[in-house]
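# A closer look at the structure
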Amino acid sequence: MPTISDRVRELLARSGMSQRHFAERVGLDSSKLSKSLSGARRFSSLDLARIAEATQVTVDWLLTGDEPALALAARISGDTSSAAAIAEAKRLGAAREDVAFLGYRQPWRPVRRPVQDGLDTTRGERLAAAALDRVSEADVDLGDLPAAAEEAFGADVAIGDLGPRFDGLSVATAEIKLILVGRGVAPWRQRFTIAHELGHLLARDDQGLHLDQDVEDRQHQRQPTERRANAFAAAFLMPERQLRAAVGSSGFTPEAFADLVCELRVSPSALAFRLLSFRLIDSMTCDRFKALSARQAAELAGRLEQLAADVAAANRVRPPGLLARDAYAAYASGQATLRPYANVINADVDALMDALEADTGDGPP
Amino acid sequence: MSSAIFCDTTVLCNFAAIKRVDLLELILRGRGRWTQAVAYEVEQSRGHLPDLARVLAGGWLGEPIEVAQDDTEAWQIERIRRSVFGGLADQPTKHLGEAETTFLIKNGPEFRSAWWVTDDRAALAYGRAQDLITLETVDLITDAVAMADLTQESAFELLVQMQAHGRFVRLPGKSADLSR
């Protein structure tokens, strides 16, 4: 079984340097390095940190030879256009693993996977039905989808700056279940991406990192897991039963359609196509409805304020709520400093301490 | 009387900033100790605080202590560095001094009654929550007044000077507060 010395020797070989030059580069005394490599001396925690820093590996890898699943997946993906998204996923994933070490494990609650036969789309719809049952049991409102996914399933859901034209990703490891979506001004697209990533997590599609740079990309959509995640998202956000109840038997006016668009917080075109797929509207009506813009639908439904609020929320960075809660709990219980919590919410730790320790007396805020 | 006093790098820098490392040596009275990572942090800070060379050369903090006795302890220290102090995996030396020191005080029987001195507010709050004897530079200065190494006025002036050098030390309202 390879030892720490074996792994340091591997780094030495990879560097192409002489042992003396390698020792200089990592800042160790040459004779100490030599003794440690021969097993006559242990590497100290500082030695390990300096070797890790100089060679861009982690201390964990030096100690165990195991690379965190997320780091490995990120390295393998090698996709530079996803770099910002992957870096953010690694940051939040590491924070989740770190807080788990203190006993705050992610409260992930998957649903029972339905029978795994039939078309990909059918499997996605069955999974959505199970997920909607959970939403109903947990009595959560899907209006705030990130909060609902956290409360009903225990996933961490974050909204961040993921670089231009990057929809989202999901991370699934033993300790991490993370949905990360890009900040943007189209809340319906962001909601669809969150639901799509939730579909991947609940279907246990990938271990590690799953990138969905563009959920509407046609080539990407051809993959069976993507078809299933899309079917899940459509059925989860636009449940058939709710659509049938809304349409009823007395026809479906543009105002009622617009109201349903706002109620479900989906795009007019997505809802029009879904209604058509159930033959609840005909193709001419579908064409007419899908030509509506989000603003027109909101205006028609008298819900422009809701649209404005949704657009603002979609454009805001959102740290993962459960992770922030757990990191704060670790601080409040005295098990950690305030820094991990400050890292999760991207705040300056001293400013945060000032705010938390501020006098809450009668003075002005 | 404490058996050992572990000063965080922030504290050593405070005294180096006002060129009074000699005073810190006097206050510690041979009780000062440090870990390897703290000694490394001091070495790294020497560029902008040249007086730290006197800490490194003086020998009055003893030989830097190699904390981890085996790979399991090294693993635990890395977990503490990240989970407790918010260090990142790709910055492995950051907060290592704090992780090593708190691990040593909590796990080394000979250091159970040791003091930990830090002016990092987040670390200070953690140390106190963990029931470690956790002090600040102002406490060392107050001790110096009690031991008649400094007058209240000169002690207060030193803290003012530290702040003037951009150091984050807590300053009492008036010099008279620097008494026990």
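Residues numbered from 1 in each chain as written. Chains lettered and ligands numbered in written order. Predicted model: local features only at pLDDT ≥ 70, side-chain atom pairs only at ≥ 80, totals over all residues. Heavy atoms only, no water.

### Some details on empty space enclosed by the protein
Using a probe with the size of a water molecule, rolled over the atoms, empty space left in the structure can be pinpointed. All names here are of chain A. Rules: Note on definitions: the grid is 1 Å and covers protein atoms alone; a cavity is a set of points where a 1.4 Å probe fits but cannot get out; a pocket is an open set with protein on both sides within 12 Å along at least five of seven lines; lining residues have an atom within 4 Å of a point. Grid points are joined across faces, edges and corners, and a volume is the space filled by probe spheres set on the points. Elements are defined by DSSP. Helices are runs of H or I of four residues or more, strands are runs of E of two residues or more, and each kind is numbered from the N terminus. Gly is put with the polar residues, along with every residue not named as nonpolar or charged; the nonpolar set is Ala, Val, Leu, Ile, Met, Phe, Trp, Tyr, Cys and Pro, and the charged set is Asp, Glu, Lys and Arg.
In total, this model carries 5 cavities of 30 Å³ or more according to the counting rule given. When its volume is computed, the largest cavity comes out at roughly 140 Å³. Those elements that place two or more of their residues in the lining of the largest cavity are α10 (187-202), α14 (254-264), α17 (294-300) and α18 (304-314). Of the residues assigned to the lining of the largest cavity, the class counts are 8 nonpolar, 1 polar and 4 charged.

### A look at the interface of chain A and chain B
Under the convention used in this document: Any pair of residues with heavy atoms lying within 4.5 Å of one another is described as a contacting pair. Simply put, the buried area is the total loss of 1.4 Å probe accessible area from both parts when two parts are fitted together. Counted as salt bridges are all cases of a side-chain nitrogen of Lys or Arg within 4 Å of a carboxyl oxygen of Asp or Glu. Throughout this description, a polar contact denotes any pair of N or O atoms lying within 3.5 Å of each other; where both atoms belong to protein, one of them has to be capable of donating a hydrogen while the other can accept it, and for residues adjacent in sequence the pair is counted only when both atoms sit in side chains.
Residue-level contacts link 34 residues of chain A with 37 residues of chain B. Carbon and sulfur atoms supply 54% of the area that chain A and chain B bury against each other, a total of about 3000 Å² over both sides. Linking chain A with chain B are 9 salt bridges. Run the count over chain A and chain B and you get 18 residue pairs in polar contact (both at pLDDT 80 or more). Tallying contributions element by element places helix α4 (residues 45-55) of chain A first for the side of chain A that touches chain B, with 7 residues. The residue makeup of the side of chain A that touches chain B, split by class, is 15 nonpolar, 8 polar and 11 charged.

### Brief notes about the confidence of the model for chain B
Put simply, the rule reads: A score between 0 and 100, pLDDT records how confident the predictor is in each residue.
Per-residue pLDDT for chain B averages 94, and the proportion of residues at 70 or more is 99%. Across the assembled chains, the prediction reports ipTM 0.93 with pTM 0.91.

### Overview of the sheet that holds strand β3 (residues 177-182) of chain A
Residue and element names in this part refer to chain A. Note the threshold: If DSSP finds at least two bridges between two strands, the strands pair. Axis lines are fitted through C-alpha atoms, for helices just across the contact stretch, and the angle between N-to-C directions can take any value from 0 to 180 degrees.
With mixed pairing, the 4 strands of this open sheet are ordered in space as β1-β3-β2-β4. The sheet is open, and its two borders are formed by β1 (156-160) and β4 (208-212), each paired with just one other strand. Put simply, the sheet's adjacent strands are angled 15° from each other on average, direction ignored. Sheet analysis places strand β2 (residues 168-172) next to β3, joined by 5 bridges and oriented antiparallel. In the strand pairing of β3, V171 is matched with L178.

### A word on the pattern of salt bridges
In the structure shown here, the tally under the stated rule is 40 salt bridges over all chains. Between D214 of chain A and R189 of chain A there is a salt bridge; the shortest N-O distance is 2.8 Å. Placement of D214 of chain A in the loop between β4 and α11 (218-221) and of R189 of chain A in helix α10 is noted, with a sequence separation of 25 residues between them. Residues joined by salt bridges that share partners form a network here, namely D60 and D98 of chain A together with R79 and R82 of chain B.

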